[in-house]
Amino acid sequence: MTTYPHLMQPITLGAVTLKNRVMMGSMHTGLEETGDWNRVAEFYATRARGGVGLMVTGGMAPNREGGVFPGAAGLFSAQDIANHRLVTDRVHDAGGRIAMQILHAGRYAYGPDCVSASAVKSPISPFPPKELDEAGIEKQIADIATAAARAMEAGYDGVEVMGSEGYFLNQFLVTHVNRRADRWGGAYENRMRLPVEVVARVRAALGPGLLIYRISLIDLIPNGSTWEEVVQLAHAIEAAGADVLNTGIGWHEARVPTIATSVPRAAFAHLTARLRPEVGIPVITSNRINTPEVAEGLLSSGMADMVSMARPFLADPDFVAKAAAGKAAQIAPCIACNQACLDHTFSGKLTSCLVNPRACHETELVITTTTAPKRLAVVGAGPAGLSAALTAAERGHEVTLFDRSPQVGGQLHLAASIPGKEEFRGLIDWFAARLTASAVKPRLGHEVTAADLAGFDAVILATGITPRPAGIPGEDAPQVLGYREVLRGAPVGARVAVVGAGGIGFDVAEYLVHHGTSPTLDAALWRQEWGVGDPAEVPGGLAPEGPRPEAPAREVWLLQRKPEKPGRKLGKTTGWIHRATLQMKGVKMLGGVSYEAITPEGLHVTVNGTPQLLPVDTVVICAGQTPDRSLAAGIEALGLPCHIIGGADVAAELDAKRAIDQGVRLAAAL
Ligand code: FAD
Ligand code: NAP
Ligand code: SF4
């Protein structure tokens, strides 16, 4: 008997039967654009072997004008079809099912040829779209239907028609973009004509193939769809031939986070649950679902027929197999950080995963059994040391892992203490569970000296960092604290200056303005903070009263020397969330600051040439770090090979992504 009986139950969608109710949602990885189709096929086949019931590919452009960016992949030629055939064959050989997503970006297409319902530019694109005429609309429909027919030719089990997230079909639905007065605009029956016509034509092109339609349940933009319209559309899409409805949440231009780590788990599943009794076809729920427990809970309580998870399959291709085998604690958790997936995608880099550097690198980063086992000492059980130790042991090396702390995780404990970053706790727990199940010998609670390392064949030094002082006169005063002391609970005054506005400065500021329950752990409170209302009450689901954050716990200044807006270097897809959170809490963010002195009166600064006294009770130093390599000389004296990784190697721009990647890659090569 499985622990997740609902999740593991088969389901029939149209003519296709799936072995379980887990779908890997569509993700743009950038793999198709590399032209290495063996690599693409291996990415999907690895996940098929891991037991997922159904996968949806990254969005394929139906034509050039609809591609997300110039040169976006699509099925345009016989060669393209043959390339995709490699993928589908490999997936089917592994016992998997795969549908191709057809993604027409409309005005979100990053190019001057983009098209839409009306010539209304999106706030997130520099390109105003061309308004399509009747013939232009017919061409788009025909191209989408052709893409569906080619998907079947390429061996896919079906397609997903992307109708949400503010893309082309979604753009026709709302007066926010659709200002037309012909049969494609005006009354809702006209505005929904395009998606309904597309589904009917795709159905005809697919034959018995699976047809998934991704419907936007809450647009999170002004003048978005009403709930009544969502239901009307769902009925029409069902009648036009869709087999299943997948959930879409929020347009890309929405100023509400929808998948970031600070979004509560399953925060939008109540909307799928509300749609489910309205239609006769199954519904799939999505967004911030990352454990089998959460997924099972949604299915067992009748909120959906299936669960879609996307990023969790970057973190762990074997999610389903491990859940089915009762080994959920071994599932590498997606912590929803976006650091190696969406941030990479939006920087034009190949997607990967912070917790799993092998994601999208399956053919290049291969972990093999060693032919020459060594006795390895790993000093430091932060993410770098843990990754190196566990990978080396998996390869057959004899590994001892030391840390002065009785717990593994290193700085990840500090990250997990930030409200909105609770998911980091899952990463620590996963490392701990893997360690227990591994052959690594842990020596925790032990301050290592060079003498401990004699007798090993080699040492991996993963001792992390030492916080850097800011060098401000008066910095040794008792009201000046380091970020580590603050996050470990040191008392802090009512008015605080944070020196340094990097990732840690921002996190510390969030910690300081917060009190009570973290909104990430209380969906109702989170919705209130971000102004998420009910689409049944207000079109698009933005609360009329706007965001209503809790009052800040303290008055906080966040400072940096660079004469630019603080937070520019934060994550591409998440930086705006951190900036908006602090703005909502009244944090005063200043760039171009010179620090003069710290006195009992406060922090004396000069801002753009003007001297100022910030009347603070506490100053918190978040001025970056330097590598801690204090053991290196002793190891050298022992004559042992020493590999330095993580913060101990380079502290600048260090994050857990680099620490884990470096640890795994070193161990793979030893
Ligand atoms: P560490 O995590 O520092 O681990 C080093 C380990 O070595 C420690 O456990 C220490 O006890 C041990 N050690 C040192 N010397 C000895 C010795 N002599 N004997 C025994 N043990 C020793 N990164 C992200 O990617 N995303 C984030 O959102 C993020 N948020 C963060 C938020 C905060 C508040 C902080 C502080 C950090 C955050 N980071 C984040 C950074 C991330 O945690 C670090 O980059 C990462 O932990 C570095 O890994 P590491 O293994 O090199 O070092
Ligand atoms: P950081 O990002 O390098 O920021 C250091 C800050 O200190 C900068 O604002 C810098 O700005 C300031 N500074 C540097 N030297 C100073 C000095 N002598 N006096 C005063 N200010 C000084 O480092 P961090 O914030 O400590 O973060 C460490 C790493 O953790 C980062 O690289 C980051 O990747 C990771 N992290 C990531 C996240 C995330 O969300 N992804 C969150 C937290 C941490 P000025 O020089 O302009 O003053
Ligand atoms: Fe999840 Fe972060 Fe990995 Fe992306 S990089 S899949 S958000 S853990």
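Quick caveat: nothing in here was measured; it's all calculated off a predicted structure.

Caption draft 1: Quick peek at the site of ligand 1. Gln 339, Asp 403, Lys 421, Gly 647 and Ala 656 are the nearest of the 34 residues found near ligand 1. Here Val 448 contributes a backbone N or O atom positioned 3.0 Å from a nitrogen atom of ligand 1. Ala 462 places a main-chain nitrogen or oxygen 3.5 Å from an oxygen atom of ligand 1. Protein chains bury 92% of the 990 Å² of accessible surface belonging to ligand 1 in isolation. Of all the secondary-structure elements, those providing two or more residues to the shell around ligand 1 are helix 14 (383-394), helix 15 (412-416), helix 17 (483-487), helix 18 (503-513) and helix 22 (656-669). Mapped onto the domain boundaries, the shell around ligand 1 takes at least three residues apiece from domain 2 (375-466 + 626-669) and domain 3 (480-515 + 550-623).

Caption draft 2: Seen up close, the packing of helix 4 (residues 134-153) against helix 7 (residues 193-206). It is the contact of helix 4 with helix 7, at a shortest axis distance of 8 Å, that shows an interaxial angle of 35 degrees. The handedness of the crossing between helix 4 and helix 7 is right-handed. Taken together, the residues of helix 7 that come into contact with helix 4 (itself represented by Ile 137, Glu 138, Ile 141, Ala 142, Ile 144, Ala 145, Ala 148, Ala 149 and Met 152) are Leu 194, Glu 197, Val 198, Arg 201, Val 202, Ala 205 and Leu 206. When grouped by side-chain class, the residues that make up the contact of helix 4 with helix 7 number 13 nonpolar, no polar and three charged.

Caption draft 3: Geometry of the side chain of Gln 140. Examined against the element boundaries, Gln 140 turns out to sit in helix 4. Of the residues examined, Gln 140 reaches a relative accessible area of 2% and is grouped as buried. Residues within four places of Gln 140 in sequence aside, it is in contact with Asn 63, Glu 65, His 104, Val 115, Leu 132 and Phe 168.

Caption draft 4: Representation of the sheet that holds strand 15 (residues 441-444). Here five strands make up an open sheet; going across it, the order is 15-14-13-16-27 and the pairing parallel. Unpaired on one side and paired on the other, strand 15 and strand 27 (642-644) mark the two borders of the sheet. With strand direction ignored, the average angle separating the axes of adjacent strands in the sheet is 20 degrees. Of the pairings in the sheet, the one linking strand 13 (residues 375-379) to strand 16 (residues 458-461) comprises four bridges and is parallel in character. Across the sheet, Leu 376 pairs through a bridge with Ala 458, a residue of strand 16. Packing of helix 14 onto the sheet brings it into contact with strand 13, strand 14 (398-403) and strand 16, and relative to strand 14 it is tilted by some 160 degrees.

The rules we used
Residues numbered from 1 in each chain as written. Chains lettered and ligands numbered in written order. Predicted model: local features only at pLDDT ≥ 70, side-chain atom pairs only at ≥ 80, totals over all residues. Heavy atoms only, no water. Near = heavy atom within 4 Å. Polar contact = N/O pair within 3.5 Å; in protein donor to acceptor, adjacent residues only side chain to side chain. Areas by Shrake-Rupley, 256 points an atom, 1.4 Å probe, with all protein chains shown as cover. Helix = DSSP H or I, 4+ residues; strand = E, 2+ residues; numbered from the N terminus. Domains from an automatic or database assignment. Axes fitted to C-alpha atoms, helices over the stretch in contact; angles between N-to-C directions. Left-handed = near helix turned anticlockwise from the far one by under 90°. Contact = heavy atoms within 4.5 Å. Nonpolar A, V, L, I, M, F, W, Y, C, P; charged D, E, K, R; others polar. Buried < 20%, exposed > 50% of the residue type's maximum accessible area, 1.4 Å probe, protein only. Pairing = 2+ DSSP bridges.

No statement about biological role is implied by the geometric values presented.
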